[in-house]
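Close look at the chain arrangement
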Amino acid sequence: MTGTQLPKAWSDLEDKMAFMPAVVKTIEKIHDTSWSMNPNRHDHYEMVYIKKGTATFVIDGVDLNMVPNSVVIIKPEKTHKFIVRSEACEFIVLYFKLKTQQEQGNHDSLKDFVEYMEDDSSGAYLYLKLGKKNDIVNVMNRILRERVKYQVWGDFLSGLLTIELFVLLSRALRQEWEQSAKNRNLKLHELLHIAKEYIDNNYVKDLTLSQVAKYIYLSDSYFAHSFKDKFGISPKSYILKVRIEEAKTLLESTDLKIADVALSVGFSSQQRFNDIFRKYTEMTPLRYRNMKKKERLNRD
């Protein structure tokens, strides 16, 4: 092994990651109010951490006031401008890309973060307010030091630190959403109705509780508890209920085979469909169809 050759563990890790964050450039600067910049945009993410002082980011025409220990991540191709508001503003900048690879092996938190950042509905940027001794700040400083040193295996360590950084960001984002929901009942009310609507529109897919919880960025346990409190039924039971109600409609109004009805409403097998249908209606799908046919004939 040569002095600059990276360990095989790194290439193995890259092969297994669906999303590999890669730092393009790091900067540590201090500016005062005399400094200015023209609006710019680029094809990578820009992450800025304010260490001291205050500043304003204008991102896609929206003003974001930054204070010490705050972080903003600006999405690619979003026009932005940085304005210093205090006598001195000290900050760290990380430019990075999220390289998409095969869909396997990623840490769930990292996938959560990537999915959130790539969702247009989440806006042009992500903003977080951190504590002075926050782990995110610590990792950012370590990445900065490693990229300045350029020592042997520095890229390897920087890569590991970058993965850790985005896992920590995902957790911080999740905690912020949950705390916001806990503090503002209206927000939680809105999120739960969004989740319910998401189930109504996607019940034919192989939906899981985790997928729905991720859609509104809540933890599985908090989402499940809140959903049941709000609607009087667990998310899993609600998914099954929606599927069964749609199956009843298809059994009454079409001549689809039972197996096709099962697939049409999101069940992976006819046996699973039969078992759940019997649980909810106390009869088999075939008996239900025959009963409804008999009712129609009697009405006619």
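Residues numbered from 1 in each chain as written. Predicted model: local features only at pLDDT ≥ 70, side-chain atom pairs only at ≥ 80, totals over all residues. Heavy atoms only, no water.

With that out of the way, let us pick up the confidence of the model for the chain. When pLDDT is averaged along the chain, the result is 80, and 77% of the positions lie at 70 or above. No element of the chain has a lower mean pLDDT than helix 1 (residues 8-16), which averages 48, and none a higher one than helix 8 (residues 235-253), which averages 94. Note that residues 102-106 has pLDDT below 50 and, in this model, 16 contacts with residues that lie over four places away or in other chains. (pLDDT = per-residue confidence, 0-100. Helix = DSSP H or I, 4+ residues; strand = E, 2+ residues; numbered from the N terminus. Contact = heavy atoms within 4.5 Å.)

A complete count under the given rule lists five salt bridges for this structure. Between R41 and E77 there is a salt bridge; the shortest N-O distance is 3.5 Å. One end of the pair, R41, is in the loop between strand 1 (19-31) and strand 2 (45-52); the other, E77, is in the loop between strand 5 (70-74) and strand 6 (80-84), and 36 residues separate them in sequence. E77 sits in the partly exposed class, given a relative accessible area of 41%. A salt bridge links K51 to E90; the shortest N-O distance between them is 3.5 Å. With K51 in strand 2 and E90 in strand 7 (residues 89-100), this residue pair connects regions lying 39 residues apart in the sequence. (Salt bridge = Lys/Arg side-chain N within 4 Å of Asp/Glu carboxyl O. Buried < 20%, exposed > 50% of the residue type's maximum accessible area, 1.4 Å probe, protein only.)

The next point concerns helix 11 (residues 285-299). With 15 residues, helix 11 extends 21 Å between its outermost C-alpha atoms, agreeing within 8% with the 21 Å of an ideal straight helix rising 1.5 Å per residue. Looking at helix 11, one finds that the buried residues are P285, Y288, R289 and K292. The buried side chains of helix 11 occupy one side of the element, clustering within an arc of 100° when seen end-on. Those residues of helix 11 that are exposed and angled more than 90 degrees off the buried face are R287, K294, L297 and N298. Those residues of helix 11 hidden inside the fold are in contact with helix 8, helix 9 (258-264) and helix 10 (270-281). (Expected span 1.5 Å × (residues − 1). Arc of directions from axis to C-beta.)

All right, on to the packing of aromatic side chains then. Using the criterion set out here, one finds eleven aromatic pairs in the structure. Ring plane angle 55° and centroid distance 4.9 Å describe the contact between F82 and F91, whose orientation is recorded as tilted. On the basis of relative accessibility, which here comes to 6%, the residue F91 falls in the buried class. Members of the aromatic cluster, each reached through a chain of ring pairs, are W35, F57, F82 and F91. Directly above the ring of F231 sits K196, whose terminal nitrogen or CZ lies 5.7 Å from the centroid. Here the guanidinium or amino end of R243 rests over the ring plane of F267, the centre of that ring lying 5.6 Å away. (Phe/Tyr/Trp six-rings, centres within 6.5 Å; stacked < 30°, edge-to-face > 60°. Lys NZ or Arg CZ within 6 Å of the ring centre and 35° of its normal.)

Let's shift gears to the packing of helix 8 against helix 11. Put simply, helix 8 and helix 11 touch, their axes get as near as 9 Å, and they point 55° apart. On the basis of the axis angle, helix 8 is oblique to helix 11. As helix 8 packs across helix 11, the resulting crossing turns out to be right-handed. Each of K248, L250, L251 and E252 in helix 8 lies in contact with helix 11, whose residues at this interface are P285, Y288, R289, K292 and R296. Partitioned by chemical class, the residues of the contact of helix 8 with helix 11 number four nonpolar, no polar and five charged. (Axes fitted to C-alpha atoms, helices over the stretch in contact; angles between N-to-C directions. Parallel < 35°, antiparallel > 145°, perpendicular 65-115°, else oblique. Left-handed = near helix turned anticlockwise from the far one by under 90°. Nonpolar A, V, L, I, M, F, W, Y, C, P; charged D, E, K, R; others polar.)

Looking now at the nonpolar core. F223, F267 and F273 are the most contacted members of the largest nonpolar core, which totals 35 residues. Setting aside its immediate chain neighbours within four residues, F267 contacts L240, R243, I244, A262, R272, F273 and I276. Listed in part, the 27 residues of the second largest apolar core include Y49, L94, V137 and A172. (Core = buried A, V, L, I, M, F, W, Y, C linked by side-chain atoms within 4.5 Å.)

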